[in-house]
Amino acid sequence: MKTEDIEKLLFRFYQGETDEEEEKFLAQYLSQIDSDERYKADRDVFHSLSEDEPEVPSELEFKISTLIDSWEESEKKQTKRFTKLRFSKQIIGIAASLLLVISIGFWYQHYNSANSEIVNTYNDPEASHEVVIEALRLFSKNFSKGTQALEKADSRVDNTFKILEKVINE
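The structure contained in this document is the topic of the report that follows.

The rules behind each value
- Residue numbers run consecutively from 1 along every chain, following the written order of its sequence.
- Side-chain atom pairs in this predicted model are given and counted only at pLDDT of 80 or more, local residue features only at pLDDT of at least 70, and totals for whole chains, interfaces and linings cover all residues.
- The basis for the side-chain values is all heavy atoms of the structure; hydrogens and waters are excluded.
- Residues belong to one nonpolar core when they are buried, are Ala, Val, Leu, Ile, Met, Phe, Trp, Tyr or Cys, and are joined through side-chain atoms within 4.5 Å.
- A 1.4 Å probe rolled over the protein chains alone gives each residue an accessible area, and that area as a share of the maximum for its type sets the label: buried under 20%, exposed over 50%, partly exposed in between.
- The secondary structure listing takes helices from DSSP runs of H or I that are at least 4 residues long and strands from runs of E that are at least 2 residues long, numbered from the N terminus.
- Note on contacts: a residue pair qualifies if any of its non-hydrogen atoms lie within 4.5 Å across the two residues.
- Note on aromatic pairs: the rings of Phe, Tyr and Trp (six-membered ring only in Trp) are paired at centre separations within 6.5 Å, and the planes decide the class, stacked below 30 degrees, edge-to-face beyond 60, tilted for the rest.
- Either the NZ atom of lysine or the CZ atom of arginine qualifies as a charge over a ring when it sits within 6 Å of the ring centre and within 35 degrees of the ring normal.
- Only one rule defines a salt bridge in this text: a Lys or Arg side-chain nitrogen within 4 Å of an Asp or Glu carboxyl oxygen.

**So, the nonpolar core**
Right, so step 1: If you look at the biggest cluster of nonpolar residues, it comprises 10 residues: I6, L9, L10, F13, L26, Y29, L30, I33, Y39 and F46.
Right, so step 2: Looking at which element gives the most residues to this core, the answer is helix α1 (residues 3-15), with 4 residues.
Right, so step 3: Residues contacting L30, with those up to four places away along its chain left out, are L10, Y39, D42, R43 and F46.

This is the structure in structure tokens:
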């Protein structure tokens with residue numbers, strides 16, 4: 001076979017267009033011409049393709065399955081931890097909402113009982129406006145105090161979970 005034909009066949013091989021017979025022919029041809037340096041890389045490729053498969057250690061499958069199992073177990077632990085954390089945050093949110101509603105109810109009841117004689121006595125719109133502004137400021141101040149206390153409680157719960165997680169992991 002001519003050198004041009006070998007070059008074309010090699011090109012087709014690298015393009016993935018050769019069949020099994022052509023590949024066998026190329027392997028035989030390249031193993032016969034050891035002296036031609038321009039086919040050295042091609043010889044190495046065909047030599048590496050013709051080698052037997054390396055032996056896989058017998059314990060490799062066990063090691064891989066153990067590793068996968070440990071990954072799965074750690075993933076389950078993380079899922080449980082996130083579920084607990086999410087559940088605790090939901091409970092804290094519900095408790096905060098209830099506390100807020102109850103606080104507003106008590107405040108409203110106390111304000112109405114303490115100022116029952118003042119109700120509907122404002123004839124001046126500016127005076128009424130001032131009283132409403134003051135009431136809203138008082139509500140805002142008390143609401144801020146309540147949310148700060150809840151934020152502190154939430155951070156304490158988070159810190160407790162972190163400590164528990166460290167203890168469990170050790």
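**Details of the packing of aromatic side chains**
Right, so step 1: On inspection of all chains with the given rule, the structure shows 3 aromatic pairs.
Right, so step 2: A ring pair is formed by F13 and Y14, whose centres lie 5.3 Å apart and whose planes are at 70°; its orientation type is edge-to-face.
Right, so step 3: Judged by its relative accessible area of 45%, Y14 falls in the partly exposed class.
Right, so step 4: A centroid spacing of 6.4 Å and a plane angle of 55° characterise the contact between W107 and F139, whose relative ring orientation is tilted. Here F139 lies in helix α5 (residues 125-169) and W107 lies in helix α4 (residues 60-114), a separation of 32 residues in the sequence.
Right, so step 5: We note R81 situated over the ring of F82; from NZ or CZ to the ring centre the distance is 4.5 Å.

**Thoughts on the side chain of S88**
Right, so step 1: Its place among the elements puts S88 in helix α4.
Right, so step 2: Once residues lying within four places of it in the same chain are set aside, the contact partners of S88 are V157 and F161.

**Some words on the pattern of salt bridges**
Right, so step 1: Enumeration according to the criterion identifies 5 salt bridges in this entry.
Right, so step 2: Close ionic contact of K76 with E72 constitutes a salt bridge, the shortest N to O distance being 3.9 Å. You can see K76 and its partner E72 sitting in helix α4, 4 residues apart, about one turn around the helix.
Right, so step 3: According to the relative accessible area criterion, E72 is partly exposed, its value standing at 40%.
Right, so step 4: A salt bridge links E165 to R81; its shortest N-O distance comes to 2.9 Å. Of this pair, E165 sits in helix α5 while R81 sits in helix α4, and the two are 84 residues apart along the sequence.

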